[in-house]
Amino acid sequence: MTLGPHASFIVAAYIVTVVVVISMIAWILRDYAAQRRILGDLEQRGIKRRSQASRGDET
Amino acid sequence: MTSDSTRLVCENLACERGGRLVFSGINFAVKAGEALILTGRNGAGKSTLLRVVAGLLRASAGRIKLTGGIDEMGTAEQAHYQGHLDAIKPSLTVAENLQFWARFLGAPADASIEPALEAVDLAALADLPAAYLSAGQKRRLSIARLLAVKRPLWLLDEPTSALDTQSQGRLAAFMRQHLAGGGLILAATHGPIGLDAPRELKMGAAG
Amino acid sequence: MTSDSTRLVCENLACERGGRLVFSGINFAVKAGEALILTGRNGAGKSTLLRVVAGLLRASAGRIKLTGGIDEMGTAEQAHYQGHLDAIKPSLTVAENLQFWARFLGAPADASIEPALEAVDLAALADLPAAYLSAGQKRRLSIARLLAVKRPLWLLDEPTSALDTQSQGRLAAFMRQHLAGGGLILAATHGPIGLDAPRELKMGAAG
Amino acid sequence: MNALLALLLRDMRLATRVGGGALMGALFYFVVVSMIPFAIGPDLNLLARIGPAVLWIGALLASLLALDRLFASDHDDGSLDLLTMSTLPLELTVAAKAIAHWLTTALPLIVITPVLGLMLNVDMSAMGFVALSLVAGTPALTFIGLIGAALSVTLRRGGLLMAILVLPLTVPVLIFGVAAANAAIVGPAPFGPPFTILCALSLASFVLGPFAAAAALRQGQE
Amino acid sequence: MNALLALLLRDMRLATRVGGGALMGALFYFVVVSMIPFAIGPDLNLLARIGPAVLWIGALLASLLALDRLFASDHDDGSLDLLTMSTLPLELTVAAKAIAHWLTTALPLIVITPVLGLMLNVDMSAMGFVALSLVAGTPALTFIGLIGAALSVTLRRGGLLMAILVLPLTVPVLIFGVAAANAAIVGPAPFGPPFTILCALSLASFVLGPFAAAAALRQGQE
Amino acid sequence: MALIDIFNNLANPTRFLALTNRVLPWLTALTVIVLVYGLYRVAYAPDDYQQGATVKIMFLHVPAAWLAMMGWGLMAVAAFGTLVWRHPLADVAARAAAPIGAAFTFICLVTGSLWGRPMWGTYWVWDARLTSVLVLFLLYLGMLALYWTAEDPNRSARAAAILALVGAINIPIIKFSVDWWNTLHQPASVIRMGGSAIDPSILVPLLIMALAFTLLFLLLLLLNMRNEILRRRVRSMRMMQAASI
Ligand code: HEM
Ligand SMILES: Nc1ncnc2c1ncn2[C@@H]1O[C@H](COP(=O)(O)OP(=O)(O)OP(=O)(O)O)[C@@H](O)[C@H]1O
Ligand SMILES: Nc1ncnc2c1ncn2[C@@H]1O[C@H](COP(=O)(O)OP(=O)(O)OP(=O)(O)O)[C@@H](O)[C@H]1O
Ligand SMILES: [Mg+2]
Ligand SMILES: [Mg+2]
């Protein structure tokens, strides 16, 4: 596979795409971990969700 | 204007706010000439209930019905709501403020606002820009609205706040007069409101 | 922190607002351990007087002097002002809000805000954004500021508003404690404030 | 009708009282447009070439930024609650406010346009057409901006956010507005077609704007 | 010092928290600058010619409009009363707030400038200089705008009024900013002199702005 | 009947979470496989006789463009769900889709620019199609700003829905007006999209990449929706906490 005279543009396009996708995945996963942590924290304090408080829903 | 058969019925009301159930299963009925006082601790949902009845918040369950009034009108259109805010524009004069609300809320075109202003003792300040009013005077101006336009149901959220003793007495008199004329009152308050032995709905803290 | 000789003296105060003389010839003195309650009807100028003492409004005549405190500091810098607004940022947590004011108003860098939060019963909510607080809870957070930073003079404008009975009792206890420690209180109120037999300054209605 | 008229008059009175916003839009327009030659430099041909564009951009920004507190001020002092408790449909209430706003804000802006045209070296005879394109196009800006004003109440913030939300929606108005103005000045395309489209955009937003804004206000009652 | 740092950190935190205004300035800048070609038309040479001017106008508007509620939000929730009751001189308090604002609002705006430069067909190698001129000049905008922000609390209106008051004061910054950027792009004048003046303007307003703003706030206590 | 059941089941965030957790591993695996296969096919795709190797950019650019538009479409559909049916997951989906849609729009813009430089000699021209994508990007940014501004999801949900619908109406209008604008001002220019009729040796990898991008979009959407549901759970728990004192 040869990329010809404009190789740098092709490579740059792929790099940008990869960077955007990866950073989005990283952001989403980090967000997930953060939410989990806060939830754990709140649950540890014995705070219940409304649905749990009122009718003991399953999680 | 109000027939003696006017009746406000709320059945099984619930309201969710900011993802939290503020109250649920609220049932009450108020009939003509009757006042219902909402009490309960901070955050119990008194203000929320008033806004729900006024149609300013959506109930997540339940039914609100005003029967015996003008049939084709909803509850909100037959109610006066007096919240924490006074709906007063500082750059308009006292008279202009009241005149506008009287017109907009449907007072007859030829009705005068004078009597209402006099009733709240602001007639002398009629031509003053409302910016110059103190907190209590603003409150009184907003109470004048209740008198200038006749609507059967009054929804009052801590109506005595910011009022001095004399004005509190006057407000109590207006309320008694409104009730005597077949009106209905739903009021939230932390203290006494000046009505003798009104019915009371104690709102529990949700959660 | 406050010597027992702290004394607030106001002489011949007058204040003009919106081109109108709100009050004039106000004279009073408050000494350490004493509370002075401002009463009077709406528009009498209670809030105005408090803001003048706090340095937030310019007096058009007269003198305000806090003697016996820290000499090089003005009255404003030795006073806590609690107005109608709570100075709380909804996007900061309860702890961050209080922490900021403690730092900014000059609490020692190593001082903890924990005790103040506990005193107003908000310690459990320390990490919650203040947006989640109810009106009464916000008021309590702003009261915590009075406890977190020691200043001899408290200027309170209707401090009990929005507080439920329990919190009103707690506030009264803080005030008594502050007075016992040689503090001064100047408070405007329409109702009882929970102090036994405080001195009262009845402001006449101007105009 | 009585109620609507009362609202229209109140809003116009508020705008023209001391502290009101009536002339703010026009003043901002004036200031922003006069700043542009400082940035571009004193190249008269260039200024004349981009004159209509500058006038339209100025009008766009002024219209939108002035709308900022159309509902927010009523919300903050509790008036909005009472406005929704009337027997009038909210759509009409909202439209009445928008009309009052257009009359007090956009109209003065159009009136001063010829003066600014002079400063930008735009041909005097063509200025009439530029003003005409603004008359036809600014209602669209007001009524599209209305949606942003209502959203900004719901979100409890105005200013830049509102402009960010609404500016992309006004792209067609801007394009046809400048096209109409340019057609009048430099030709060769006729003035008619873009002008007609501009009017159509205004009419469409006159219908759509109040509905979307009323929906946003109703939905915002939380 | 402790108190000032606390204030700086609080303001930066407020700006970057959910609901904060940190990115609003940059977003508005992006949207406004992208809107301008819609008015000018897709003429690449013309765009390149006026590119630096467009970027500077955009940065000017974004900086000033974003400043709008710098003091107003503190005023509305009562914080401003307490800020003035501290032992710190009000001038320092005000300056700390301005610095926090510049860091959270102007800096992101400068970061996205190169992208906008691409769209305006501004030469890539010159973009660095444009960005540099913005780094040197935007502090002046923030500190001049500070005066407007303080006045808008006193006058109880923000938004447009503030922009109207402040925009004329920023004319020198705009002129030398564009001059520096243009010098870098098209020459023939050197980049140095206008750039130096720009820095001087920033320094001067760094001193003057807080004093004027503090004075305005003090006067505003009515 | 069964369909309604599924729909109702999905309406419950808890059930939705459970389902998501079950689906995620499979979806991840499928996405990776299709993506890798797609890239393999891309690597061995022949060069275009006109555009040379730069045609390889197309395999990113075109799917990204499609998904950028699909993202707004999804938000507009979700807007109906929010406003009309008040479906609890509709806003969660819209909110989760906004940043992803914006990211794909960004990819479309950047890859397009990087392709434009060798093809047209410039990174950007104010051509009709490019311009409408730019406006779409601006709309996405507005949507993100809106979500960013409102802490309260209940508050922002309906505002966002209205903006999504108004934007959806506006996009075709913009497309049309920009076309018109361009024909008025733009002299005959360098711009020429595509060119050659697409050969299967390029079309097949393109379609595979499109499938891979779509799967990626769905995967990110599900992940982000899961976060959003948790965020709301945190919110409601904090509310409970505040009310419990
Ligand atoms: C920033 C610049 C660009 C943007 C925003 C852009 C945008 C788009 C969009 C939205 C589509 C999808 C259209 C559709 O399927 O209906 C598309 C497709 C396409 N673009 Fe671009 N484009 C850009 C630059 C380029 C360049 C430089 C080239 C190559 C010379 C190019 C070639 C193509 C091709 C071949 C297609 C597929 C055409 C088809 O499906 O019929 N684009 N572009
Ligand atoms: N704007 C809002 N958004 C979300 N939740 C709110 C909002 N306003 C109030 N709440 C919540 O609704 C609950 C009820 O508030 P409400 O104002 O009705 O109480 P109240 O009984 O009037 O209290 P108070 O005596 O303090 O006036 C509170 O717990 C509060 O957390
Ligand atoms: N911002 C203002 N500008 C001009 N005049 C004002 C302003 N605020 C209040 N006033 C005037 O000052 C007078 C005193 O007002 P102030 O708020 O001090 O009264 P108060 O005693 O606190 O009344 P209340 O019991 O209603 O709180 C009022 O008559 C009012 O007209
Ligand atoms: Mg209440
Ligand atoms: Mg007072």
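As a starting point, this report considers the structure included with it. (Residues numbered from 1 in each chain as written. Chains lettered and ligands numbered in written order. Predicted model: local features only at pLDDT ≥ 70, side-chain atom pairs only at ≥ 80, totals over all residues. Heavy atoms only, no water.)

Let's talk about the overall build of chain D
Link 1 in the chain: If you tally the helices and strands in chain D, you get ten helices and zero strands.
Link 2 in the chain: Start at the N end of chain D and walk to the C end: the helices and strands fall as α-α-α-α-α-α-α-α-α-α.
Link 3 in the chain: Considered along the principal axes of its C-alpha atoms, chain D spans approximately 55 × 35 × 30 Å.
Link 4 in the chain: Evaluated residue by residue, chain D yields a buried proportion of 67% over its 222 residues.
Link 5 in the chain: Sequence separation of at least 24 residues holds for 80% of the intrachain contacts in chain D that already meet a minimum separation of 6.
Link 6 in the chain: On chain D, roughly 7,000 Å² of surface is accessible, and the fraction owed to carbon and sulfur atoms is 73%.
Link 7 in the chain: Considering chain D, the positive charge centre built from 9 side chains and the negative charge centre built from 10 side chains are found 3 Å apart. (Helix = DSSP H or I, 4+ residues; strand = E, 2+ residues; numbered from the N terminus. Buried < 20%, exposed > 50% of the residue type's maximum accessible area, 1.4 Å probe, protein only. Contact = heavy atoms within 4.5 Å. Areas by Shrake-Rupley, 256 points an atom, 1.4 Å probe, with all protein chains shown as cover. Lys, Arg positive; Asp, Glu negative; His and termini not counted. Charge placed at Lys NZ, Arg CZ, Asp CG, Glu CD.)

Observations regarding the site of ligand 3
Link 1 in the chain: Not every one of the 18 residues close to ligand 3 is listed here, only the nearest: Y132 of chain B together with R20, K46, S47 and T48 of chain C.
Link 2 in the chain: At the site occupied by ligand 3, nearby residues are drawn from chains B and C.
Link 3 in the chain: Take R17 of chain C: an N or O atom from its side chain is 3.4 Å from a nitrogen atom of ligand 3.
Link 4 in the chain: Contact between ligand 3 and T48 of chain C: an oxygen atom at 2.4 Å from a side-chain N or O atom of the residue. (Near = heavy atom within 4 Å. Polar contact = N/O pair within 3.5 Å; in protein donor to acceptor, adjacent residues only side chain to side chain.)

As for the interface of chain A and chain F
Link 1 in the chain: With 34 residues of chain A at the interface, the matching set in chain F holds 39 residues.
Link 2 in the chain: Summing both sides of the interface, chain A and chain F together bury roughly 3,400 Å²; the carbon and sulfur share of this comes to 75%.
Link 3 in the chain: Here chain A and chain F share one salt bridge between them.
Link 4 in the chain: Put simply, R231 of chain F and D31 of chain A hold a salt bridge, and the shortest N to O gap is 2.9 Å. (Buried area = accessible area lost by both parts, 1.4 Å probe. Salt bridge = Lys/Arg side-chain N within 4 Å of Asp/Glu carboxyl O.)

Some remarks on the packing of helix 3 (residues 58-85) of chain F against helix 4 (residues 88-120) of chain F
All names here are of chain F.
Link 1 in the chain: Viewed as axis vectors pointing N to C, helix 3 and helix 4 meet at an angle of 155°, and their least axial separation amounts to 7 Å. The orientation of helix 3 relative to helix 4 falls into the category roughly antiparallel. Between helix 3 and helix 4 the crossing geometry is left-handed.
Link 2 in the chain: Looking at side-chain class alone, the contact of helix 3 with helix 4 contains 17 nonpolar, seven polar and one charged residues. (Axes fitted to C-alpha atoms, helices over the stretch in contact; angles between N-to-C directions. Parallel < 35°, antiparallel > 145°, perpendicular 65-115°, else oblique. Left-handed = near helix turned anticlockwise from the far one by under 90°. Nonpolar A, V, L, I, M, F, W, Y, C, P; charged D, E, K, R; others polar.)

Considerations on unusual backbone geometry
Link 1 in the chain: Of note in this structure, D121 of chain C is not a glycine but carries a positive phi near 65°.
Link 2 in the chain: Structurally, the position occupied by D121 of chain C is in the loop between helix 3 (114-119) and helix 4 (135-148).
Link 3 in the chain: Among the residues examined, D121 of chain C registers a relative accessible area of 33% and is labelled partly exposed.
Link 4 in the chain: With a phi angle near 65°, N121 of chain E is a residue other than glycine that sits in the positive phi range.

As for the interface of chain C and chain F
Note: interface size is frequently given as the accessible area lost on complex formation between the parts.
Link 1 in the chain: Between chain C and chain F, the residue contacts involve ten residues of the former and seven residues of the latter.
Link 2 in the chain: On the chain C side of the contact with chain F, L125, L128 and Y132 of chain C bury the most area, a combined 57% of that side's loss.
Link 3 in the chain: Between the two partners, chain C and chain F, sit zero salt bridges.
Link 4 in the chain: At the boundary of chain C with chain F, the tally comes to two residue pairs in polar contact (both at pLDDT 80 or more).
Link 5 in the chain: Tallied by class, the residues present in the side of chain C that touches chain F amount to six nonpolar, one polar and three charged.

Regarding helix 4 of chain C
Residues and elements named next belong to chain C.
Link 1 in the chain: Relative to the 20 Å expected for 14 residues at 1.5 Å per residue, helix 4 spans 20 Å between its end C-alpha atoms, a close match to the ideal helical length.
Link 2 in the chain: With twelve of 14 residues buried, helix 4 is to be regarded as a mostly interior element.
Link 3 in the chain: Within helix 4 the residues assigned to the buried category are G136, Q137, R139, R140, L141, S142, I143, A144, R145, L146, L147 and A148. (Expected span 1.5 Å × (residues − 1).)

Considerations on helix 6 (residues 90-111) of chain E
One full turn of an α-helix is made of 3.6 residues, so residues set three or four places apart face in the same direction.
Link 1 in the chain: Between the first and last C-alpha of helix 6 of chain E there are 31 Å, a value that for 22 residues agrees with the 32 Å anticipated at 1.5 Å per step.
Link 2 in the chain: Taking the largest bend as the criterion, helix 6 of chain E deviates by roughly 35°, centred on W102 of chain E. (Bend = angle between axes of the 7 residues up to and from the residue.)

Function cannot be read off these values alone, since they describe shape.
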